[in-house]
Amino acid sequence: MHHDLGAAVLRLTGRRRMLGLGEPTHGVEDYLLLRNEIFRYLVEEAGYRSIALESCCLAGLAADAYVAGADMGVEEAADAGFSHGFGDSAANRELLDWMRAYNRGRGEDERLRWYGFDGPLEITGAASPRRALTALRDYLAAHLELPPPPGAAGLDRLLGDDERWDNLESMMDGAKSVGRSQEAVQLRLLADDLAGYLETETPRLIARTGRQEWWRACLYARTATGLLRYHAAMADESPARMGRLMALRDAMMAANLLAIDEYEAGRGPVLVFAANAHLQRELSSVNLWEGQVEWWSAGALTAARLGDGYAFVATTAGTGPELEEPAPDTLEGVLSARPGDRMVVDVKEMDRAELNRRVVTTYRFAPFDPAHEPDALIFLRDAR
């Protein structure tokens, strides 16, 4: 078992409240195996108690139930517990099983928790707010004697068919989105009212249901309001819409991370795993069909709030799937010339003034920007 990487990461970052670990592309097992190794080290040596992944926050509840010992198999947990197809990964299933085994016989303060922190969103579209809204309404109805907010009785009618919401064409064409329909506007007001009930009754609800159930209801409230805001932005037909959608998605991610940080504060630090671009402190940008758009990532938004409580470790590679040898005047090229197959680097100590950002032929891999300053950079000579 290698502990070299985990120890080097801890040496460069120190023990923070939240550590972001980025990957330059999705779907490459080596980055996930690296994450598993680092997480195990941080749990055993630095008191980390939870992990948050770039996967749907609602789906993540099933994965967390599995690691807590729920009566289901790893196949079922992986299928239900991930979005984006990430449940197919052997390394993700391995992590689920390791965490479940670690939790056996441990009390609530010691057990490891699993979170998804992305919204119920794909790059191709966004889910119906049905699950989050109905779960929030049902929680409040079960535990409060208050009259329901105006409109709550007509929730199903306002939602209509889920196909209206997850229509893939609406991602490319704002006119196809239902996000600004009369029903969607009423749902946004209703979601806000339900979230208001939840907030005003916090002491009573925690006393009646316990903190965990209350926290989950807050997750439903954040998800419902965030999704409706996102759908409204999808219905925008101006050139600003894609940048706005990128920004709103990362804002939903950051809201989840800050809620996780607050919930976990007494137990131990959190490891966050996602694409580098979602965790960096610098502005994120991407070239789309309408030109370049820029937005603040979940990491940048979280770091602005947590300050020194947040650290970010980026990952990059020399070669990998669809990835040719890097040019010698790039950061990856310089690191490829050093001995060793994997290393943790303090980029602040490198002379980066003359280095160019690597150009790649695959859109899947995002090369590291040598102007960026993560707390540490992990380099793999070859990622498969």
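In this text, all values refer to a predicted model and were calculated from it rather than measured experimentally. (Residues numbered from 1 in each chain as written. Predicted model: local features only at pLDDT ≥ 70, side-chain atom pairs only at ≥ 80, totals over all residues. Heavy atoms only, no water.)

Engineer: What am I meant to see in the overall build of the protein chain here?
Structural biologist: Scanning the protein chain from terminus to terminus reveals 16 helices and 11 strands. In terms of overall dimensions, the protein chain is globule-like: its C-alpha atoms have a radius of gyration of 21 Å, near the 21 Å expected for 384 residues. With respect to the three principal axes, the spread of C-alpha positions in the protein chain is 70 × 55 × 35 Å. Relative to its full complement of 384 residues, the protein chain shows a buried share of 57%. Restricting to contacts in the protein chain with at least 6 residues of sequence separation, those with at least 24 account for 77%. For the protein chain, the exposed area adds up to about 16,800 Å²; of that, 51% sits on carbon and sulfur atoms. (Helix = DSSP H or I, 4+ residues; strand = E, 2+ residues; numbered from the N terminus. Rg over C-alpha atoms; globule rule 2.2 N^0.38 Å. Buried < 20%, exposed > 50% of the residue type's maximum accessible area, 1.4 Å probe, protein only. Contact = heavy atoms within 4.5 Å. Areas by Shrake-Rupley, 256 points an atom, 1.4 Å probe, with all protein chains shown as cover.)

Engineer: I'm lost on helix H15 (residues 298-306) in this one. Help?
Structural biologist: The α-helix advances 3.6 residues per turn, and as a result positions three or four apart in sequence lie on the same side. The complete set of buried residues in H15 reads Ala298, Gly299, Ala300, Thr302, Ala303 and Leu306. Its buried side turned inward, H15 meets strand S1 (18-23), helix H13 (241-264), helix H14 (276-279) and strand S9 (310-319). Put simply, Ser297 is the residue that caps the front of H15, since its side-chain oxygen is 3.2 Å from the backbone nitrogen of Gly299. (Polar contact = N/O pair within 3.5 Å; in protein donor to acceptor, adjacent residues only side chain to side chain.)

Engineer: Is there a simple way to explain the pattern of salt bridges in this structure?
Structural biologist: Any two side chains of opposite charge can pair, so long as their charged atoms come close to each other. Tallying each qualifying case throughout the model produces 27 salt bridges. Its salt-bridge partner being Glu54, residue Arg249 comes within 3.7 Å of it at the nearest N-O pair. Here Glu54 lies in strand S2 (residues 50-56) and Arg249 lies in helix H13, a separation of 195 residues in the sequence. Residue Arg249 is classed as buried on the basis of its relative accessible area of 9%. Arg352 is the salt-bridge partner of Glu373, the closest N and O atoms lying 2.7 Å from each other. Residue Glu373 is located in the loop between strand S10 (342-345) and strand S11 (376-382), and its partner Arg352 is located in the loop between S10 and S11; the two are separated by 21 residues in the primary sequence. (Salt bridge = Lys/Arg side-chain N within 4 Å of Asp/Glu carboxyl O.)

Engineer: Just to check I follow, could you spell out the nonpolar core for this structure?
Structural biologist: Nonpolar side chains in soluble globular proteins generally cluster together in the buried interior. By size, the foremost hydrophobic cluster in this structure holds 64 residues, and its most contacted members are Phe117, Leu133 and Leu198. The leading source of residues in this core is helix H12 (residues 211-234), at 9 residues. For Leu133, the residues in contact, after removing those within four places along its chain, are Leu155, Leu159, Leu187, Ala191, Leu194, Ala224 and Leu228. Tyr41, Leu53, Met99 and Leu271 belong to the second largest nonpolar core, which has 47 residues in total. (Core = buried A, V, L, I, M, F, W, Y, C linked by side-chain atoms within 4.5 Å.)

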